[in-house]
Amino acid sequence: MVFARDESQSADAGYGLETELTDVEGPMIDAVANAAEAIDALLKPLVRLGQRIEHLIEEGPDWMDAPARARMEGALSSLGWRCDTLSGWLALLSRIGGPADPEFVDWLMIDRFEGREYDIGICRHWLDPTIPVTEVVTKPAHGLMITSATLKGGGDWETARARSGAIHLDQAVQEFEVPSPFNYAEQAKVIIVTDVKRGDMAGLAGAYAQLIEASGGGTLGLFTAIRRLRTVYARIADRMAQSGLPIYAQHVDPIDTGTLVDIFRDDPKASLLGTDALRDGVDVPGRSLRLVVMESVPWPRPDILHKARRLAGGGSAYDDRIIRARLAQAFGRIIRRADDHGHFVILSSAFPSRLLTTFPEGTPIERMPLTQALTEIKAAKSKTVQSSLSPDISFGHDAGQTDIPGNKSGGI
């Protein structure tokens, strides 16, 4: 069904395919009925077996010692997980051919990588994922505090309440803001490079290599696509090795992300390339991270789920909120404590001016060609080296550390 509705006719086999789960025809409904019958045939004996094990545990026969009880309880937990999975699959199948549920988004997908299909599936997501979070986590809690410098996501308190799920609560919430402890006007600068062409992989790789060399390492490179990350890494790895600047890459090096970050943190000359996991969750204070480079504006991927949420969330304004939150998270990797300094470089001339207010108030922002950006970063590096040789230098402390950047930190 997915292939039949593929308008591109698999022109680009490197990407996955999706189709909305609507207008399902007879043969598909027959196949769904067969699948549901087979799953139900698996589920019923599992349920009966689980009930029998429960009775055994309650009765506690003479032969059931402590190790046997532990094995029984483990088996019961395992059966419960499998029954929940099968029940979920049955719920997905029962939706096909029936009326649409406005609270959910349903679609069919085929995952592909490098021309190979490796997964297929029927998918269902909440249109508003804060609804189940509120019901399961927030409402039963005696109290809850949600705090983040990017909580508003480029909007106001209404945006914060929507993102946190507070709009689904019966009672009113309390809100507070505190000023940032950092002087962004003096500690950071945003540079938008204007002469790296979109789609020019050679130019993109060259820009990354020159920026890393200008900074002497200490660079976090962020990508919106794994394929571009791997291409850039392959093009610059040898050059970085010859320059004596170690470079590591998520999705390339066979090391887990946490270990890669630890290696990066311990070596001020090292650089690290990665995707959204590094954009949102890296804490590297001090000299080890002094330059963040983004290869493009982090536009949301226009898949079926995003399109549905965009339609329900206000169209382009919804996109802007997502982009602002991502940019704020990425910018926040630079200034982690009171004595940090660094540059935030975006290699995209098509950076919309309306998004410039994403960055903390007072942060210098300038559009310039790559050569000028390199000159500025080299100058900052030289200034830092000179300061480190001065006997009057004072070092910062962890008291000024914050989790996520922003001019103000907000909480609900």
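The shown structure was predicted, so the numbers you read here are calculated from the model rather than taken from an experiment.

Analysis parameters
Residues numbered from 1 in each chain as written. Predicted model: local features only at pLDDT ≥ 70, side-chain atom pairs only at ≥ 80, totals over all residues. Heavy atoms only, no water. Helix = DSSP H or I, 4+ residues; strand = E, 2+ residues; numbered from the N terminus. Buried < 20%, exposed > 50% of the residue type's maximum accessible area, 1.4 Å probe, protein only. Salt bridge = Lys/Arg side-chain N within 4 Å of Asp/Glu carboxyl O. Polar contact = N/O pair within 3.5 Å; in protein donor to acceptor, adjacent residues only side chain to side chain.

Visitor: Please explain unusual backbone geometry as it appears in this structure.
Guide: With the exception of glycine, most residues fall at negative phi, and the peptide bonds are largely trans. Positive phi, normally seen in glycine, also occurs at D23, with a value near 50°. You can see D23 is positioned in the loop between β1 (17-20) and α1 (26-59). At H251, a residue that is not glycine, the phi angle is positive and equals roughly 70°. Along the chain, the position of H251 falls in the loop between β8 (247-249) and α8 (257-266).

Visitor: Even after reading the chapter, I still don't get the environment of R198, so can you show me in this structure?
Guide: For R198, the position within the fold is in the loop between β6 (188-193) and α6 (201-215). When its relative accessible area of 78% is taken as the criterion, R198 is described as exposed. In this structure, the C-alpha to C-alpha distance between R198 and E59, residues 139 residues apart in sequence, is 69 Å.

Visitor: Which parts of the structure should I look at to understand the pattern of salt bridges?
Guide: Close approach of charged atoms allows side chains with opposite charge to pair. Within the structure shown, the criterion is met by 16 salt bridges. In this structure, R336 and D283 form a salt bridge, with 2.9 Å as the shortest nitrogen-oxygen distance. With R336 in the loop between α11 (316-331) and β11 (342-346) and D283 in the loop between α9 (276-281) and β10 (291-294), the pair connects residues that are 53 residues apart, well separated along the chain. Between R337 and D339 there is a salt bridge, with its nearest N and O atoms 3.0 Å apart.

Visitor: What exactly am I supposed to notice about the side chain of S296 here?
Guide: Relative to the helices and strands, S296 resides in the loop between β10 and α10 (304-313). A polar contact of 3.5 Å, which involves the side chain of S296, links it to the side chain of T224.

Distances and angles like these do not, on their own, reveal function.
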